[in-house]
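Results of the structural survey
For reference, the chains in residue letters:
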Amino acid sequence: MPAATRARWVLAAATSVALVASGCSSSGGGSSSSDSGKTFSYQSSEPQNPLQPANANETGGGRILQNLFKGLVDYDPSNAKIRMQVADSIETSDSQTFNVTLKTGWTFHDGTPVTSKNFVDAWNWGATTSNNQINSSWFSDIEGYQDVHPASGQPTATAMSGLTVVDDTHFTIKLHTKVSYFEYKLGYIAFSPLPTAFFSDPTGFGQKPVGNGAYQFVSWSHNQQVVTKAYPNYQGVDKPKNGGIVFKMYNTSEAAYADLQSNNLDVMDQVPPSALATYKSDLGDRAIDSPQGAIQNIGFTLYQPDWAGPDKAKVRQGLSMAIDRDTITKTVLQGSRKPASAWVAEGVEGYKAGQCGDNCTFDATKAKQLIAEGGGVPGNKLTITYNADGGHKEWVDAVCNSIRQSTGVDCVGDPKPDFKTARAAITGHQINGAFRTGWVQDYPLNANFMADVYRTGAASNDFGYSSPQFDQLATEADQAASVADTVTGYQKAETVLANDMPAIPLWYYRTNSGYSANVQNVKFDSFGNPAWTQVEVKG
């Protein structure tokens, strides 16, 4: 999910992947009595789209939705391993047909039961092209997807043939081909169930969603906050230890950090770059520093003629070599990031250092040579668009300085006021040249950093990148006999990116955060999220 969220989960006994980065961390904060009826606040941003599970692939909406809804599975925040939630079991003998059995007793927040039909109807609706859901491609593995989501023209069906309701607690999923790791995808928010009431008014539902998760929707004051409260009949394994979450929208991370220090905000997403050098001394044992399965990139508008030519790959490689990652991460980012040498985040299963080759090593001479060989940067000027509410200005300026000084190419930042505005411009192809992008694991496998970002037509392929070679290798990886073989296959696909350079890998994230004196037991997982239900509000 664009850093953001977007975020993220999987299945039953089939999990064989050992996760390297579980990364749950808390730095203490003491222990006091708590009040399970009290709410806590979290730094957020205005969702890009209405709150529909198949319509959020950024953190502003994704983090809210993952608390309002619960799918078949999720990941244990303490170790990132798959755990059953609504599903009692998910079984397959061939990685193509999956038999799902649901637990009984789950209800939506309107009191109606969660049944097989709620999952199947939701997935069909999310996949159908006329419903214009940003996550629709997540259903593309399912047989019959092309009938509800053709490449052009109108759908010829209203349901995917691969989904069959057996009874209220059983349904089957048939894929159009084998996908060894399909279970890994099922925890992503797009695979949530929807109540029957949704289908009579999807637009209105998006403003007042009714989920089945640990928290239920209370109110949404746009650009201010979304208020939730704990759902007393929640059947998940992670019962809330607090009364709810208030997602507070901030225009800048500096403002959020100021509120955190004055205990007007309880938990942060990330401290701003300006506080990286001091936040541990500012917050003491309430500071957080933990691994995160996320990467920062600069993407290019390959859908624009100026950047579409094959020679421009050399220009992008040269720009990558013009960025002094070591110096920027040590100075501007105060050692809080690690320079990237691949497109998969460190710690994710399938991460392989060095996939970017020399293209991610600072070399001003070679950078200028490659840019010249590729015909130069259009207009000899690069514009990098970013959201101004996320603490990105400092490093974007530093990257531009490095490019200017190394190559003579002019480079400027193009700030958008907030994440929602930036995402709308990016997904609407209103960007000129380059843009800040990033990826937080939706599920902890390298396939998530490859297929869901760089495959032709993928939901988060904001670049317009299309490589038959990459797509072929990705398909072969999907159809591998085992998850281990899939991992190897995607490592082969990743080498194609080094040649085409649709995005420049910059650095790997850590969660540098903190919490107020009002809360305790704050721990972050490798997705960069707090273990929401485990946060305790002091009594």
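Residues numbered from 1 in each chain as written. Predicted model: local features only at pLDDT ≥ 70, side-chain atom pairs only at ≥ 80, totals over all residues. Heavy atoms only, no water.

This brings us to the sheet that holds strand S5 (residues 97-102). What the four strands build is an open sheet, ordered S4-S5-S7-S6; its pairing is antiparallel. Lying at the two open borders of the sheet, with one neighbouring strand each, are strand S4 (87-91) and strand S6 (163-167). The average angle at which neighbouring strand axes cross in this sheet is 20°, direction not considered. The pairing of S6 with strand S7 (residues 170-174) spans four bridges and is antiparallel. Note that in S7 the partner of Asp 167 across the bridge is His 170. Relative to S6, helix H2 (residues 116-127) is tilted by about 165°, and along the sheet it contacts S5, S6 and S7. (Pairing = 2+ DSSP bridges. Helix = DSSP H or I, 4+ residues; strand = E, 2+ residues; numbered from the N terminus. Axes fitted to C-alpha atoms, helices over the stretch in contact; angles between N-to-C directions. Contact = heavy atoms within 4.5 Å.)

Below, the discussion takes up the pattern of salt bridges. According to the stated counting rule, one finds 16 salt bridges in the structure shown. With a closest N to O distance of 3.0 Å, Lys 70 and Asp 74 form a salt bridge. The two residues Lys 70 and Asp 74 agree in class, both being buried. Taken together, the shared-partner salt bridges in this structure form one network comprising Lys 70, Asp 74, Arg 83 and Asp 238. (Salt bridge = Lys/Arg side-chain N within 4 Å of Asp/Glu carboxyl O. Buried < 20%, exposed > 50% of the residue type's maximum accessible area, 1.4 Å probe, protein only.)

Now for the sheet that holds strand S11 (residues 287-300). The sheet built from six strands is open, its strands ordered S12-S16-S11-S15-S13-S14 with mixed pairing. The open sheet has two free edges, formed respectively by strand S12 (338-339) and strand S14 (410-416), since each of these has just one partner strand. Across two bridges, the pairing between strand S13 (residues 381-387) and strand S15 (residues 434-440) is parallel. Across the sheet, Thr 385 pairs through a bridge with Phe 435, a residue of S15.

Core analysis: the largest hydrophobic core is formed by 152 residues, its most contacted members being Leu 72 and Trp 123. The biggest single contributor to this core is helix H16 (residues 483-500), with seven residues. In this view, Trp 123 contacts Leu 72, Phe 139, Ile 142, Met 160, Leu 163, Phe 171, Ile 173, Leu 186, Ala 190, Phe 191 and Ser 192; residues no more than four positions away in its chain are not counted. (Core = buried A, V, L, I, M, F, W, Y, C linked by side-chain atoms within 4.5 Å.)

Of all the 10 residues making up helix H1 (residues 59-68), 10 are buried; the element is thus mostly covered by neighbouring parts of the structure. All of the buried residues along H1 are Thr 59, Gly 60, Gly 61, Gly 62, Arg 63, Ile 64, Leu 65, Gln 66, Asn 67 and Leu 68. Against strand S1 (39-44), strand S8 (215-221), strand S9 (225-230), strand S10 (244-249) and helix H13 (419-427) lie the buried residues of H1. Of the residues that open H1, the one with a side-chain oxygen 2.7 Å from the backbone nitrogen of Gly 60 is Glu 58. (Polar contact = N/O pair within 3.5 Å; in protein donor to acceptor, adjacent residues only side chain to side chain.)

Enumeration over the complete set of coordinates arrives at two disulfides. Residue Cys 356 pairs covalently with Cys 360 via a disulfide, S to S 2.1 Å. Classification of the bridge connecting Cys 356 and Cys 360 rests on its S-S torsion, roughly 80°, and on that basis the disulfide is right-handed. No difference in accessibility class separates Cys 356 from Cys 360, as the two residues are buried. The disulfide that involves Cys 400 links it to Cys 411, with 2.2 Å between the sulfurs. Of note, the bridge from Cys 400 to Cys 411 carries an S-S torsion of about -50° and is left-handed in sense. Of this pair, Cys 400 sits in helix H12 (residues 393-407) while Cys 411 sits in strand S14; the two residues are 11 residues apart in sequence, bridging distant segments of the chain. Judged by relative accessible area, which is 1%, Cys 400 ranks as buried. Taking relative accessible area as the criterion, Cys 411 reaches 0% and is therefore assigned buried. (Disulfide = S-S within 2.5 Å.)

In this model, the protein chain carries an average pLDDT of 92, and 94% of its residues clear a pLDDT of 70 or more. Every residue in residues 3-28 scores below 50 in pLDDT, and together they form 123 contacts with partners more than four places removed in sequence or on other chains. (pLDDT = per-residue confidence, 0-100.)

Moving on, we come to the packing of helix H9 (residues 312-321) against H16. At their nearest, the axes of H9 and H16 sit 7 Å apart, and the two run at 95° to each other. With respect to their mutual orientation, H9 and H16 come out roughly perpendicular. Contacts between H9 and H16 involve Ala 313, Arg 316 and Gln 317 on the former and, on the latter, Ala 498, Asn 499 and Asp 500. (Parallel < 35°, antiparallel > 145°, perpendicular 65-115°, else oblique.)

What follows deals with the packing of helix H15 (residues 468-478) against H16. Interaxial distance between H15 and H16 falls to 8 Å at its minimum, and their mutual angle equals 175°. Classified by the angle their axes make, H15 and H16 are roughly antiparallel. Contacts between H15 and H16 involve Gln 469, Phe 470, Leu 473, Ala 474, Ala 477 and Asp 478 from the first element and Thr 486, Gly 489, Tyr 490, Lys 492, Ala 493, Val 496 and Leu 497 from the second. Residue composition of the contact of H15 with H16, grouped by class: eight nonpolar, three polar and two charged. (Nonpolar A, V, L, I, M, F, W, Y, C, P; charged D, E, K, R; others polar.)

For the structure shown, the criterion picks out 30 aromatic pairs. With a centroid separation of 6.3 Å and 75° between ring planes, the pair formed by Tyr 42 and Phe 247 is classed as edge-to-face. Remark: Phe 247 occurs in strand S10 and Tyr 42 occurs in strand S1; sequence separation between them is 205 residues. Each member of the pair, Tyr 42 as well as Phe 247, is classed as buried. Ring centres of Phe 247 and Trp 532 lie 5.7 Å apart, and the angle between their planes is 55°; this geometry places the pair in the tilted category. Of this pair, Phe 247 sits in strand S10 while Trp 532 sits in the loop between strand S17 (519-520) and strand S18 (536-537), placing them 285 residues apart in sequence. (Phe/Tyr/Trp six-rings, centres within 6.5 Å; stacked < 30°, edge-to-face > 60°.)

Note on placement: Asp 74 falls in strand S2 (residues 73-75). At 3.0 Å, the side chain of Asp 74 and the side chain of Lys 70 are in polar contact. A distance of 3.0 Å separates the side chain of Asp 74 from the side chain of Gln 85, its partner in a polar contact.

Turning our attention to unusual backbone geometry. For Asn 263, which is not glycine, the phi dihedral falls at a positive 60°. As for its position among the elements, Asn 263 is in the loop between helix H6 (253-261) and helix H7 (279-283). When its relative accessible area of 30% is taken as the criterion, Asn 263 is described as partly exposed. Not every positive phi belongs to a glycine, and Met 501 is a case in point at roughly 50°. The class for Met 501 is buried, based on a relative accessible area of 0%.

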